[in-house]
Amino acid sequence: MLDTDKLTKKFKDTVAVDNVTISLRQGESVGLLGPNGAGKSTAIAMISTLMKPTSGDVRLHGKSVLKNNGAMRAILVVVPQKIALYEELSAYENLKFFGRIYGLTGKKLEGQIQYVLELVGLSDRQKELVKNYSGGMQRRVNLAAAMMHEPEVLIMDEPTVGIDPQSRNHLLETIRKLNREQGMTVLYTSHYMEEVEKLCDRVYIMDHGKVIASGTKEELKGILSEEETVWIEFDKSYPKLFEKLGQIEGIQHAVTDEHSLKLIIPKGARVLGTLFHEAERYGAQIINVNVQTPTLEDVFLRLTGRKLRD
Amino acid sequence: MGAFLVKDIMLLLRDRSELLVLLAMPFLLIAILGFSLRGIFSGDLEALEMDVAFVTLDDEAQAVEAIQNEIDAMGIPQADAEALKQAAAAISPQTMLVSLLESENLDGLIPLQNMEQAQAAEGLEEETVDAVITIPDGFTEAALRNMLFGSGDGTELQMLAADLTSPQAEVLNSILEEFVGTVNFEAAISRLAGGETVTGAEVAGGVETITARPPISSFQYYTIGMAVMFVLFVGSTIASQANLEQKQMVFDRILLSDRPPLLYLGSKALAASLIVLVQLILLFDLSSLIFRTFSADSWSFWFGVAIISVVLAAAVGCLAALMTSLTLRLQSDAVPSIFSGGVIALMAFLGGSFMPMGGTPEILQTIGNWTPNGAAMSAYFSWLLEPEAGNLAGPLTRIGITALLFLLVALAVFPKKGEVL
Ligand SMILES: Nc1ncnc2c1ncn2[C@@H]1O[C@H](COP(=O)(O)OP(=O)(O)O)[C@@H](O)[C@H]1O
Ligand SMILES: [Mg+2]
């Protein structure tokens, strides 16, 4: 129902979004995964008619929305990356305002406010000022405000930044419910691959403004079918050793975490022997070795040689 | 638009520091400037030198004769009548006034020149004289009648000055005021002595009812000056709110709701106007209540003030719309912060909020007259001095023209429906 065609946005010296072509089918839940600065927010701004593309097109049911954006605005709602609320007003007052600008009044307005508060689990604290809420509660009201307009398409831009685990679970659960039970089409942007893996049927992976891979989770992980992820935990950090291991022949990508090392190697490559040998030479103690099933994080690593998050 | 308006006003009411700037600050400044400059106004005699034309339209001899004839006709005992007639000839309120103005205490700072009315008016026009004191026709007769018979409304004097708000004019006016007060007070005393039942309050009232033209007091000056200055801050308050809405992406939400964006702009203008009205009402009323700045007894006076205030409020509404448009277009809070950080002070200075602009170069005065605050200030002053609708036409038209200009630019700059910034 919603497609972009070679969507491109250039700022003075950066190409924030570079020939991005994506599509959303009705009722689908699609993830847009990419590190900070990948161009996710810029892409969303163009899709939601808030920013003019430098080139390319956005189409709703095959019709361009660049000239006439009313149709798009009528069915879509965006949960912005920021807490797009009035801090000095209560949750209730915020929802009332956003409901009224969508034309709701009277009983209908009141009913919708209570429905969305219920949805995000904040009914009992609706009278408190938004500025006094925790980050997680603010994020929930941020979603609730969007739901005052009953949209067909819900676009969310990193809705879980700065949030406690409990609120994050609640939020993800809410979005899943909206998608599965109410058939809402969801475009979900994040740099947390766990969230996208959990929530989305299909995923686009973005980096430096470009879509570098797309497909269902299984398809994406298929990229790694010829590879294995080996995860080795040491007793402490050995920077020199880690560097050395990354250069062993046959190892395609290596990233380190404090005490551990993650390697992507071709299936059947015989590198473990060399690896243990090197560790011994450095006097490093191996605590744990694990050959893992790949995650989207690993896919990103494989494609870019970098981690999603630093 | 209702939703927007409720929101804009609620946001302002919740913002303590903003309310402090809009209401407490001007009030504090009125108090400080009102008190401290009152001292300077009447204390600094050196600065008081001014050329005063003295115009007499009153025939003293004829007045004395008329009064004496009246005494004869009253049919009171011969001796009493003679005493009254002598008093009528001896009192000479005119001489009293001249000798008061030329007295030793004033040290010859107010040299009087006798002039014909036309000549004095011309002098005022050409600025060869600073003020004209006019003794109106019937002055002596009214004074004598009041003092001797306790009848009539008392004396009246007229003062015209090139700049009625200057400290010199202020002092001269208070001297005249005191003189008229004394004359009328003595009348009250003599009536009391004459056995009529006059209560103390009424005596005091007699002193208060001075018919000389009211001067502009330091409190009046600064109540008006600070009020017209601080309403301008509403413009920057509203515009920085718009900037916050844009930064926090609330404005994106509003755009996506696909309401006509003009409702948003209109609400900003209307909210600003309403806030300005409340601000003006509170400042004028509080100042009158606490400092007795304006007497509350004249409905027509307050009616005029209300009209000027509504026009000023509408102008600030247009200014707020202009600043909101620019802020959204530039996607930065530069406009409101430059405005509140310097432009307001400059406009207030040019408009005369801090001191009368009488002695400054013509060009500054012209610019000041075209600022909404400066124009409103002269409207308030001329209404205060002479409540005639004709006096308001000039300044109110100037405010109207600038407001319209603000509004047109605001509309031109503001994003159209569906337009993307
Ligand atoms: N208004 C803008 N002006 C100039 N550069 C911008 C602007 N918005 C975003 N960018 C740049 O475009 C790139 C993509 O940004 P963004 O879309 O915010 O990425 P993401 O949302 O994936 O973190 C970044 O390099 C960012 O610095
Ligand atoms: Mg972003």
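Please refer to the structure placed before this passage.
This is a predicted model, so every value here is computed, not measured.

Student: Quick one: what's the story with the coordination of the magnesium ion (ligand 2), residue by residue and with numbers?
Tutor: Residues and elements named next belong to chain A. Every protein donor of the magnesium ion (ligand 2) is accounted for by Ser41 (OG) and Gln81 (OE1), and the metal-donor separations fall at 2.0 to 2.7 Å. Here the residue serine 41 occupies a position in helix 1 (residues 40-47), and glutamine 81 occupies one in the loop between strand 7 (76-79) and helix 3 (91-101), the gap between them amounting to 40 residues. We classify serine 41 as partly exposed; its relative accessible area is 26%. Taking relative accessible area as the criterion, glutamine 81 reaches 30% and is therefore assigned partly exposed.

Student: Explain the packing of helix 14 (residues 299-330) of chain B against helix 18 (residues 389-413) of chain B to me, and be specific about the residues and the numbers.
Tutor: Residues and elements named next belong to chain B. Contact geometry of helix 14 with helix 18 gives a least axis separation of 8 Å together with a crossing angle of 20 degrees. In terms of axis orientation, helix 14 runs roughly parallel to helix 18. Helix 14 and helix 18 meet at a crossing whose hand is left-handed. Of the residues in helix 18, those touching helix 14 at Ile307, Ile308, Val311, Ala315, Cys318, Leu319, Ala321, Leu322, Ser325, Leu326 and Arg329 are Leu392, Leu396, Ile399, Ala403, Phe406, Leu407, Val409, Ala410 and Val413. Its residues placed into classes, the contact of helix 14 with helix 18 shows 18 nonpolar, one polar and one charged.

Student: Would you mind going over the sheet that holds strand 8 (residues 153-157) of chain A in detail, with residue names and values included?
Tutor: Residues and elements named next belong to chain A. Here we have six strands laid out as an open sheet, ordered 7-8-9-4-10-11, and mixed in their pairing. Looking at strand neighbours, the two that pair on one side only are strand 7 and strand 11 (210-216), the edges of this open sheet. Recorded for the sheet is a direction-independent mean angle of 15 degrees between the axes of neighbouring strands. Sheet topology note: the strand 7/strand 8 ladder contains four bridges and is parallel. The residue of strand 8 that forms the bridge with valine 77 is leucine 154. In this fold helix 5 (residues 135-147) packs onto strand 7 and strand 8, with an angle of close to 165 degrees to the strand it touches most, strand 7. Here helix 6 (residues 165-182) sits on the sheet and contacts strand 4 (29-33), strand 8 and strand 9 (185-190); the angle it forms with strand 9, its principal contact strand, is near 150 degrees.

Conventions we followed
- Every chain is numbered independently, its residues counted from 1 as its sequence is written.
- Chain letters start at A and ligand numbers start at 1, both assigned in the order the entries are written.
- Where totals are concerned, whole chains, interfaces and linings use all residues; where local detail is concerned, this predicted model gives features only for residues with pLDDT of at least 70, and gives and counts side-chain atom pairs only at 80 or more.
- Just so you know, side-chain values use all the structure's heavy atoms and leave hydrogens and water out.
- Atoms are scored as donors when they are N, O or S and lie within 2.8 Å of the metal, with 3.2 Å used for Na, K and Ca; no water is included, so coordination may look incomplete.
- A run of H or I in DSSP counts as a helix once it spans at least four residues, and a run of E counts as a strand once it spans at least two, with each numbered from the N terminus.
- Throughout this description, buried means an accessible area under 20% of the type-specific maximum (1.4 Å probe, protein chains only), exposed means over 50%, and partly exposed covers the range between.
- In this analysis, axes come from line fits to C-alpha atoms, helices being fitted only over the stretch in contact, and the angle between any two N-to-C directions falls in the range 0 to 180 degrees.
- Roughly parallel here means an angle under 35 degrees, roughly antiparallel means over 145, roughly perpendicular means 65 to 115, and every remaining angle is called oblique.
- For a crossing to be left-handed, the near helix must be turned anticlockwise from the far one by less than a right angle; the clockwise case is right-handed.
- Any two residues whose heavy atoms approach within 4.5 Å at even a single point are treated as in contact.
- All amino acids are sorted into three groups, where Ala, Val, Leu, Ile, Met, Phe, Trp, Tyr, Cys and Pro are nonpolar, Asp, Glu, Lys and Arg are charged, and the leftover types, Gly among them, are polar.
- At least two DSSP bridges between two strands are needed for those strands to be called paired.

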